[in-house]
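Chains, contacts and geometry: an overview
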Amino acid sequence: MNSKITILLIEDEDSISKLISKLLTAQNYKVLCTSSAKDGLSIITSHCPDVVILDLGLPDMDGLDVLRQVRSWSSLPIIVVSARTQEKEKVLALDLGADDYISKPFGNAELLARVRTVIRHSNKLNTTTPLYKRPYYAKGLKIDFEKHLVTVNDVPVHLTQIEFKIISLLAQNSGSVITYSNIISNIWGPYVDDNNRILRVNMANIRRKIEPTPSEPQYLFTEVGIGYRMLEDEQE
Ligand code: CA
């Protein structure tokens, strides 16, 4: 029986494709590669991979269109690959339903961490236990969603209602980046002005309350131009 996790890599740059493929194979993932968006779409249908790593700049089709098509019928985890400077493209991909992104050039550890995170998240969604009935826990920070209680090294932290909502949203998606507009529409609703200032103010307040050194955060990380990412929860 072959129970290996299958990852489909859609990437037209040969050197990057080889690099990623080698890296993932060494971690015991089964890797399928293609340089074409159209082939990628048909492999998704025929092989049902567990994860897709999708380059946004492909020769035969825009990667964002591949994403749109797949999202119209499937929620399978997709990590997009894009150049470091293409923030707008990454935000668009995340808002279209990509699970995470990785910027070229990237480190091996970073890529593997992204892959592990999306696999863990999709496993959680597949279990029957409601997501996050239990508290979030990482490096001394505990968030009990049911009791509305946040503690750092067992010391209670007082957060406003809005601050608690923001940290809960990030914690329930810990390890993954959440875009500014996604956070804003989740917390303030879809009709609020898409202005990051109110979010930044709240994030600064949360950091001041939970981070030992707010300027060097260990729980809440800024992804410049994109959004925020919370330290991954330590429990399975
Ligand atoms: Ca490319």
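Within every chain, residues take consecutive numbers counted from 1 along the sequence as written. For this predicted model, a pLDDT threshold of at least 70 governs which residues receive local features, and a threshold of 80 or more governs which side-chain atom pairs are given and counted, while totals over whole chains, interfaces and linings are taken from all residues. To obtain the side-chain values, all non-hydrogen atoms of the structure were included, while hydrogens and water were left out.

1. Details of the state of the cysteines
Throughout, a disulfide means two cysteine sulfur atoms within 2.5 Å of one another. All chains considered together, the criterion is met by 0 disulfides. Cys 48 provides the cysteine sulfur closest to Cys 33, a residue in no disulfide bond, and the two sulfurs are 18 Å apart. For every residue, the accessible area (1.4 Å probe, protein chains only) is compared with the maximum for its type, and the residue is labelled buried under 20%, exposed over 50%, or partly exposed between those bounds. For Cys 33, a relative accessible area of 39% translates into the label partly exposed. Since its relative accessible area comes to 57%, Cys 48 is described here as exposed.

2. Observations concerning the coordination of the calcium ion
Distances decide who is a donor: an N, O or S atom must be within 2.8 Å of the metal, or within 3.2 Å for Na, K and Ca. Water is not included, so sites may look incomplete. Coordination of the calcium ion by the protein is provided by Asp 12 (OD), Asp 55 (OD) and Gly 57 (O), with metal-donor distances spanning 2.2 to 2.3 Å. One chain supplies every donor to the calcium ion, and in sequence these donors are spaced D-x42-D-x1-G. With a gap of 43 residues between them, Asp 12 in the loop between strand E1 (6-10) and helix H1 (14-26) and Asp 55 in strand E3 (residues 51-55) connect regions that are remote in the sequence. Among the residues examined, Asp 12 registers a relative accessible area of 32% and is labelled partly exposed. Judged by its relative accessible area of 4%, Asp 55 falls in the buried class. Numbering of helices and strands starts at the N terminus; helices are DSSP runs of H or I of at least 4 residues and strands are runs of E of at least 2.

3. Quick look at the domain arrangement of the protein
Start and end points for every domain follow an automatic or database-based domain assignment. Taken domain by domain, the protein comprises domain 1 (2-126) and domain 2 (136-230). Here the C-alpha centre of domain 2 lies 27 Å away from the C-alpha centre of domain 1. Only heavy atoms matter for contacts: two residues are in contact if any of them lie within 4.5 Å across the pair. The partner domain 2 presents 13 residues to the 11 residues of domain 1 that form the contact. Interface area for domain 1 against domain 2, summed over the two sides, is near 910 Å², with a carbon-plus-sulfur share of 48%. Accessible area that two parts lose when put together, evaluated with a 1.4 Å probe and summed over both, is termed the buried area. When the buried surface of domain 1 facing domain 2 is broken down by residue, Asp 95, Tyr 101 and His 121 rank first, second and third, together holding 39% of it. Salt bridges are identified by distance alone: a Lys or Arg side-chain nitrogen within 4 Å of an Asp or Glu carboxyl oxygen. Among the salt bridges present, the one from Asp 100 reaches Arg 229, with a minimum N-O distance of 2.9 Å. Distance and chemistry together define a polar contact, namely a pair of N or O atoms within 3.5 Å, with one atom able to donate a hydrogen and the other to accept it when in protein, and with adjacent residues in sequence counting only for side-chain atoms on both sides. At the surface where domain 1 touches domain 2, the tally comes to 6 residue pairs in polar contact (both at pLDDT 80 or more). When contributions to the side of domain 1 that touches domain 2 are tallied by element, the ones reaching two or more residues are helix H4 (87-95), strand E5 (100-104) and helix H5 (108-126). For the side of domain 1 that touches domain 2, the element with the highest residue contribution is H4, accounting for 5 residues. When residues are sorted by character, Ala, Val, Leu, Ile, Met, Phe, Trp, Tyr, Cys and Pro go into the nonpolar class, Asp, Glu, Lys and Arg into the charged class, and all the rest, Gly among them, into the polar class. Considering only residue class, the side of domain 1 that touches domain 2 consists of 3 nonpolar, 2 polar and 6 charged.

4. Some words on the packing of helix H6 (residues 161-172) against helix H8 (residues 197-210)
Angle between the axes and distance between the axes are the two parameters that describe a pair of packed helices. Axes, fitted as lines to C-alpha atoms, cover a helix only where it is in contact. Angles between the N-to-C directions of the axes lie from 0 to 180 degrees. Where H6 meets H8, the closest approach of the two axes is 10 Å, and the angle between their N-to-C directions is 85°. Put simply, H6 runs roughly perpendicular to H8. Here Ile 162, Glu 163, Ile 166, Ile 167 and Leu 170 of H6 come into contact with H8, specifically with Leu 199, Asn 202, Met 203, Asn 205, Ile 206, Lys 209 and Ile 210. In the contact of H6 with H8, the residues fall into 8 nonpolar, 2 polar and 2 charged. Working definition: roughly parallel below 35 degrees, roughly antiparallel above 145 degrees, roughly perpendicular at 65 to 115 degrees, and oblique for all remaining angles.

5. Brief notes about helix H3 (residues 63-71)
Inspection of H3 places Gly 63, Leu 64, Val 66, Leu 67 and Val 70 among the buried residues, and these make up the whole buried set. With its buried residues spanning 155° around the axis, H3 presents them on a single face. Buried positions along H3 lie against helix H2 (37-47), E3, strand E4 (78-83) and H4. A side-chain oxygen of the first residue of H3 lies 2.9 Å from the backbone nitrogen of Leu 64; this N-cap is Asp 62. It is the directions from the helix axis to the C-beta atoms whose arc is reported.

6. Focus on the side chain of Glu 163
When you line up the elements, Glu 163 lands in helix H6. Apart from residues lying up to four places away in sequence, Glu 163 is in contact with His 158, Asn 202, Asn 205, Ile 206 and Lys 209.

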